[in-house]
Amino acid sequence: MERDIHSGYNDLKQVEMFVETAEKMVGQATMSLDKDMLEGAKQAIANAHDQLSRARRQATGVDEEFLSHYEQKLAKAEHQLNEALR
């Protein structure tokens with residue numbers, strides 16, 4: 001019997017992993033300017049935004065500083081990607 005156990009910690013850890021992955025992909029894509037890598041980076045940004053939204057919906061209020069930190073990191077990565085796409 002499988003149970004769906006909700007853990008705020010898991011949500012936060014996933015936010016961290018999604019944002020860090022997006023940052024790495026953006027860094028690699030903007031250095032190479034490879035079309036496929038840039039598309040992958042765009043998708044990684046979108047995935048990280050989705051994960052942040054999910055975590056925010058589940059947030060207890062004590063996670064606000066953590067989520068804000070990762071939103072800022074994601075915004076910087078997104079800005080970097082948008083500049084490379086110009």
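Our structure is the block above this text.
All of the points below concern the structure found in this document. Predicted, not measured: the structure shown is a model, and the values here were computed from it. (Residues numbered from 1 in each chain as written. Predicted model: local features only at pLDDT ≥ 70, side-chain atom pairs only at ≥ 80, totals over all residues. Heavy atoms only, no water.)

### Digging into the pattern of salt bridges
Move 1: Under the definition given, this model contains 6 salt bridges.
Move 2: Of the charged contacts in the structure, one is a salt bridge between E23 and K73, with a shortest N-O distance of 3.7 Å. Note that E23 is positioned in helix 1 (residues 8–32) and K73 in helix 3 (residues 64–85), a separation of 50 residues in sequence.
Move 3: Of the residues examined, E23 reaches a relative accessible area of 28% and is grouped as partly exposed.
Move 4: Relative accessible area serves as the criterion here: at 23%, K73 is assigned to the partly exposed category.
Move 5: Connected through shared salt-bridge partners, R56, E64 and E71 make up one network. (Salt bridge = Lys/Arg side-chain N within 4 Å of Asp/Glu carboxyl O. Helix = DSSP H or I, 4+ residues; strand = E, 2+ residues; numbered from the N terminus. Buried < 20%, exposed > 50% of the residue type's maximum accessible area, 1.4 Å probe, protein only.)

### A closer look at helix 3
Move 1: When the terminal C-alpha atoms of helix 3 are compared, their 31 Å separation across 22 residues agrees well with the 32 Å that a helix rising 1.5 Å per residue should span.
Move 2: Those residues of helix 3 that fall on the buried side of the exposure criterion are L67, Y70, L74, A77 and L81. The buried residues of helix 3 occupy one face: seen down the axis, they fall within an arc of 95 degrees. Within helix 3, the exposed residues directed more than 90 degrees away from the buried face are E65, Q72 and K76. (Expected span 1.5 Å × (residues − 1). Arc of directions from axis to C-beta.)

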